[in-house]
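Each chain, written out:
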Amino acid sequence: DVKVTQSSRYLVKRTGEKVFLECVQDMDHENMFWYRQDPGLGLRLIYFSYDVKMKEKGDIPEGYSVSREKKERFSLILESASTNQTSMYLCASSLLQGEGEQYFGPGTRLTVT
Amino acid sequence: RKEVEQDPGPFNVPEGATVAFNCTYSNSASQSFFWYRQDCRKEPKLLMSVYSSGNEDGRFTAQLNRASQYISLLIRDSKLSDSATYLCVVNYSNSGYALNFGKGTSLLVTP
């Protein structure tokens, strides 16, 4: 079974802090994704990566950056956390380009105070 | 940008009922279509892919209408365990890599 793990289930940070969310997948998938999910807004794509060191902006990249130094690991960075970044963050990976199943991690509930 | 639209519901149906969800997408160039299921406080998981010819998996039937740009999901003989949010998913028109998720339709199956 594919497993996607995220470093924390719950995280509380203060405004202005730098925040790292880590995601690891164990199935040698090429593609990895970061989403945020908010009530009434659904899942929104922040960034994705289709190869090591490659990244593409999604719909809402502002205030975020990403890093993919190894194939299995995709990190989301909030350079200076703000209260409007309080959300559920979901990482996903997939083998195929836009055709195959995306496997999601359990999510990180981030609260910025 | 509203590429994928769904009725948010909630749909409240009794056990054993048949329920159908529709979803519309805006870009005719989209090639891949899926239904995902998300249980409360859980991550989304693939329910089924949607093929041009339509496809069935047990009590679930998915249909694609390219001319009208909509996708449907039919659930027959609803079970309590079908209660969840169903997400309509379409690949992005300008990228082969990413998927565009609808906001989801909430289903509650009652005894």
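These numbers come from a predicted model, not from an experiment.

Enquirer: It is not clear to me how the side chain of A:D38 should be interpreted in this structure. Could you clarify?
Expert: For A:D38, the location among the structural elements is in strand β4 (residues 31–38). Here A:D38 is in contact with A:R44, A:T86 and A:S87, once residues within four sequence places are set aside.

Enquirer: Just to check I follow, could you spell out the pairing of strand β3 (residues 19–25) of chain B for this structure?
Expert: Remark: a regular strand shows side chains that alternate across the two faces of the sheet. All names here are of chain B. Judged by which residues are buried, β3 turns out to be one-sided: V19, F21, C23 and Y25 face inward and are buried, whereas A20, N22 and T24, on the alternate face, are not. Of the pairings in the sheet, the one linking β3 to strand β8 (residues 70–75) comprises six bridges and is antiparallel in character. Directly across from A20, in β8, lies its bridge partner L74.

Enquirer: Whenever I open this one, the packing of aromatic side chains confuses me. Can you help?
Expert: A ring pair, where both rings are aromatic, is described by two values, the distance of the centres and the angle of the planes. Enumeration according to the criterion identifies twelve aromatic pairs over all chains in this entry. Here the aromatic rings of A:Y35 and B:F101 are separated by 5.4 Å at their centres, their planes lie at 85°, and the arrangement is edge-to-face. Of this pair, A:Y35 sits in strand β4 while B:F101 is found in strand β10 (residues 99–101), placing the two residues in two different chains. The class for A:Y35 is buried, based on a relative accessible area of 1%. Here a set of aromatic residues connected by ring pairs shows up, and it is made of A:F33, A:Y35, A:F48, A:F104, B:F34, B:Y36 and B:F101.

Enquirer: What is the right way to read the pairing of strand β3 (residues 19–25) of chain A from this model?
Expert: Residues and elements named next belong to chain A. Residues V19, L21, C23 and Q25 line the buried face of β3, whereas the alternating positions F20, E22 and V24 sit on a face that is not buried. Sheet analysis places strand β1 (residues 4–6) next to β3, joined by three bridges and oriented antiparallel. Bridging across to β3, V4 finds its partner in Q25. As paired elements, β3 and strand β8 (residues 73–78) share six bridges and run antiparallel to each other. If you follow L21 over to β8, its bridge partner there is L76.

Enquirer: How do you make sense of the sheet that holds strand β7 (residues 64–70) of chain A when you look at a structure like this?
Expert: Paired through backbone hydrogen bonds, the strands of a sheet run either parallel or antiparallel to each other. Residues and elements named next belong to chain A. In space, the four strands of this open sheet follow the order β1-β3-β8-β7, with antiparallel pairing throughout. Pairing within the sheet leaves two strands with one partner each, and these edge strands are β1 and β7. Adjacent strand axes in the sheet meet at a mean angle of 20° when their direction is disregarded.

Enquirer: Please explain the state of the cysteines as it appears in this structure.
Expert: As used here, a disulfide is simply a covalent bond connecting the sulfur atoms of two cysteines. Considering all chains together, one arrives at two disulfides over all chains under this definition. A sulfur-sulfur separation of 1.8 Å characterises the disulfide bridge that pairs A:C23 with A:C91. Sign of the S-S torsion, about -75° for the bond between A:C23 and A:C91, identifies this disulfide as left-handed. Separated by 68 residues along the polypeptide, A:C23 in strand β3 and A:C91 in strand β9 (residues 87–94) bring together distant segments of the chain. Residue A:C91 is classed as buried on the basis of its relative accessible area of 0%. Between B:C23 and B:C88 runs a disulfide, and the two sulfur atoms are separated by 2.0 Å.

Enquirer: Would you explain the sheet that holds β8(B) in this entry?
Expert: Residue and element names in this part refer to chain B. In spatial order, the strands read β1-β3-β8-β7-β6; together these five strands make up an open sheet with antiparallel pairing. For this open sheet the edge positions go to β1 (4–6) and β6 (55–57), each flanked by a neighbour on one side alone. Direction aside, the axes of adjacent strands within the sheet are offset by 20° on average.

Parameters and conventions
- Residues numbered from 1 in each chain as written.
- Chains lettered and ligands numbered in written order.
- Predicted model: local features only at pLDDT ≥ 70, side-chain atom pairs only at ≥ 80, totals over all residues.
- Heavy atoms only, no water.
- Helix = DSSP H or I, 4+ residues; strand = E, 2+ residues; numbered from the N terminus.
- Contact = heavy atoms within 4.5 Å.
- Buried < 20%, exposed > 50% of the residue type's maximum accessible area, 1.4 Å probe, protein only.
- Pairing = 2+ DSSP bridges.
- Phe/Tyr/Trp six-rings, centres within 6.5 Å; stacked < 30°, edge-to-face > 60°.
- Axes fitted to C-alpha atoms, helices over the stretch in contact; angles between N-to-C directions.
- Disulfide = S-S within 2.5 Å.

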